[in-house]
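The primary structure of each chain is shown beneath.
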Amino acid sequence: MTTLYEDLFNPQAVSVSGAAKARPGLPRPAKAAVLIAVLAVQALLTVRLIPSHFVSGDEGRYLYAGHQLIYEFWHGGGSPYYETYFSGAPVLYPVLAAMADHLGGLVAVRLMSLAFMLAATALLYVITRRLFGFAAGVLAAALFAGLGVTQDLGALATYDALSLMLMTVAAYCAARTRDDDSHPTFWLLAVPVVLLMANAAKYMTVLFDPVVIALAALQASGGRRRILTRCAALSVAVGAALAIALALAGTAYLNGILFSTLARQPGADAVFAVVRKPASAIVLESWQWIGVPVAGSIIASVATIAVRKDKRAAAVVVLLMLAGLLVTLEGLHLHSDESMRKHDDFSAWFACAAAGSVASHLRFWMRNMRFRIRNTARTLTAVFVVGTATASGIHYSGLAGSTLEAGGPQVTLEMAAALRPYLSPSRYHYLLGGYSDDQLLYLDHTPVRWFGISDDLYIKYPVPGRGGDPHGQVPGRICFQLSPGCMYLEGIAGYRAAIQTHWFAVVSLWNDHHTGQDSQIAQAVAHTDGYVLLTRLGNAPTWVYAPDYPHAPLHPPGGG
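Residues numbered from 1 in each chain as written. Predicted model: local features only at pLDDT ≥ 70, side-chain atom pairs only at ≥ 80, totals over all residues. Heavy atoms only, no water.

A. Expanded view of the overall build of the protein chain. Secondary structure summary: the protein chain contains 21 helices and eight strands in total. Here the protein chain, with 560 residues, has 53% of them falling under the buried criterion. The long-range share in the protein chain, meaning contacts at least 24 apart out of those at least 6 apart in sequence, stands at 73%. Accessible area of the protein chain: about 24,500 Å², with a carbon and sulfur share of 64%. (Helix = DSSP H or I, 4+ residues; strand = E, 2+ residues; numbered from the N terminus. Buried < 20%, exposed > 50% of the residue type's maximum accessible area, 1.4 Å probe, protein only. Contact = heavy atoms within 4.5 Å. Areas by Shrake-Rupley, 256 points an atom, 1.4 Å probe, with all protein chains shown as cover.)

B. Molecular detail of the sheet that holds strand β5 (residues 488–489). Pairing is mixed across the open sheet formed by three strands, whose spatial order is β3-β5-β4. A single partner strand is all that each edge strand has here, and the edge strands are β3 (461–462) and β4 (478–479). (Pairing = 2+ DSSP bridges.)

C. Summary view of empty space enclosed by the protein. All told, the structure shown has two cavities of 30 Å³ or more when counted by the stated rule. Put simply, the largest cavity is a space of about 50 Å³. Forming the walls of the largest cavity are Leu124, Ile127, Thr128, Leu131, Ala171, Leu215, Leu320, Trp349, Phe350 and Ala353. Of all the secondary-structure elements, those providing two or more residues to the lining of the largest cavity are α4 (93–132) and α15 (340–367). Here the lining of the largest cavity gets four residues from one element, more than from any other, and that element is α4. (1 Å grid on protein atoms, 1.4 Å probe; cavity = no way out; pocket = protein on both sides within 12 Å on 5 of 7 lines; lining within 4 Å. Points joined across faces, edges and corners; volume = space filled by probe spheres on them.)

D. Geometry of the packing of aromatic side chains. Counted by the stated rule, this structure contains 15 aromatic pairs. Between Trp349 and Phe350, the ring centres sit 5.0 Å apart and the planes meet at 85 degrees, which makes this aromatic pair edge-to-face. Both residues of the pair, Trp349 and Phe350, count as buried. For the pair Tyr531 and Tyr545, a centre-to-centre distance of 5.3 Å together with 55 degrees between the ring planes defines the contact as tilted. Here Tyr545 lies in strand β8 (residues 542–545) and Tyr531 lies in strand β7 (residues 531–535), a separation of 14 residues in the sequence. Since its relative accessible area comes to 9%, Tyr531 is described here as buried. Aromatic ring contacts, followed pair by pair, group Tyr62, Tyr82, Phe86, Tyr93 and Tyr159 into a single cluster. Taking NZ or CZ as reference, Lys460 lies 4.6 Å from the ring centre of Tyr488, over its face. (Phe/Tyr/Trp six-rings, centres within 6.5 Å; stacked < 30°, edge-to-face > 60°. Lys NZ or Arg CZ within 6 Å of the ring centre and 35° of its normal.)

E. Main features of the pattern of salt bridges. In the structure shown here, the tally under the stated rule is six salt bridges. For Lys342, the salt bridge identified is with Asp58, shortest N-O distance 2.9 Å. Of this pair, Lys342 sits in helix α15 while Asp58 sits in helix α3 (residues 57–75), and the two are 284 residues apart along the sequence. Given the relative accessible area of 10%, Lys342 is considered buried. For Asp58, a relative accessible area of 25% gives the class partly exposed. Salt-bridge contacts for Asp160 lead to Lys202; the nearest nitrogen and oxygen are separated by 2.0 Å. With a gap of 42 residues between them, Asp160 in helix α7 (residues 160–175) and Lys202 in the loop between α8 (184–201) and α9 (209–217) connect regions that are remote in the sequence. Here Asp160 falls in the buried class, since its relative accessible area comes to 1%. Classification of Lys202 as buried rests on a relative accessible area of 3%. (Salt bridge = Lys/Arg side-chain N within 4 Å of Asp/Glu carboxyl O.)

F. Main features of the confidence of the model for the protein chain. Within the protein chain, residue pLDDT values average 80, and 79% of them lie at 70 or more. Within the protein chain, the element-level pLDDT minimum falls on helix α1 (residues 6–9), averaging 44, and the maximum on α7, averaging 96. Counting interchain partners and residues more than four positions distant, the pLDDT-below-50 stretch residues 6–23 has 31 contacts. Low pLDDT (under 50) marks residues 556–560, which in the prediction has four contacts with non-local residues, meaning those over four places away or in another chain. (pLDDT = per-residue confidence, 0-100.)

This is the structure:
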């Protein structure tokens, strides 16, 4: 197979007319078997992480939201407004995940993520092989499959796997836009469409839109002007597609995109109680998770520039290397590692493609040596690929699973069991604070509608007698303190008013965010008659309003 940049790694492979000379190589079935073996190892390493009895906080949130949106579609009842704070369009992955959950439960949703990640690995192999050759494709795919973050995303029921796969499809379309390829116009038109889908699935993928656009531009034949023209045209097309989609979606989606992704300020801690991290900690974390692919991509960039046979090929490798640093650079900009463990896998995908090109360099150099080693270049390249991928996989696979276990499965199950007798559909309102509130609702498939749940980060309390409703659908003035004309209360004033009027049947701060607002909520409950301390699981209190449960076995502890 002749790659696009064969002249960089083996100039003698291209004749004066540009036609590639045929070289003996592995038959196509053997190459397919190698890819299947890589995918099989990735699948086995991922499946070992899939628990059937526990759901993480993010998984519970998206699955619960998906079920609520489907219920709303069929039965009405107002909008949960997930689009105002989710970091991806709630009508895409959450709904798809809820349908899979209905058919096969949580394991089916996680296996769907595994399928998405296997597709991403396969596309990485195809693209890298297309650019740099078979050995490069195998090395890139094996490095990516062996990463613990890759295996985590394949075992998690979150929209990361779907958005990563869509981004890789966009990159594949970009790599197919060579003028001498079949149907280049079709692939050019597909790039903005698929990028729009990836961006909608998870907004942070917009960070990689310029990378995909530049990759497509570098496939154009001709000089610098042709490359810049294609880059400008694709940029306009992608920008127009995003603008049209946003205009059709409405201001709620715009607010959600700004809140979760675009308008975040460096050092801000308002989003899910994010903790400011020093630059050294952010760099160290990225190094621990994806260090080998990033280091390999840097080595490949330096080697490619040093060869200086094809500036365009060097530009592609450097582009892929820079993409491998994007998430870390964004973390440094925001002084935050929030979700960086998952996002680093997006950067790693590009870094692995660049690192894979090292195999092509190695084989080229060995072919041109004057010793007997040149006759065994293919064998030594295979040894290098297998050895590097195996060593990297053994190291990074040992780091897999931390994302899944972050919520503490045993405590979550105990908390779900403790609250089970006190949660009923559409009867009361509940304040379930903490990182894992949606876990509790999903684990027992509690039929509590979205408008019956508040958390410890946000409340929109309808002031009694002023026309507001629990759904928040009736338009009216929203205030942070009670004053004439206010229909709804937000902030700590909303929590205090809701607690003092016994609006919440259950107030739970388990696994809380440790914010000042949490302590004020606790103080409000402690100074309101009728609330009884139920448990301190999760190192935080959970109260119930005793008059709402006249037949429940409530025994408040002394002094509680």
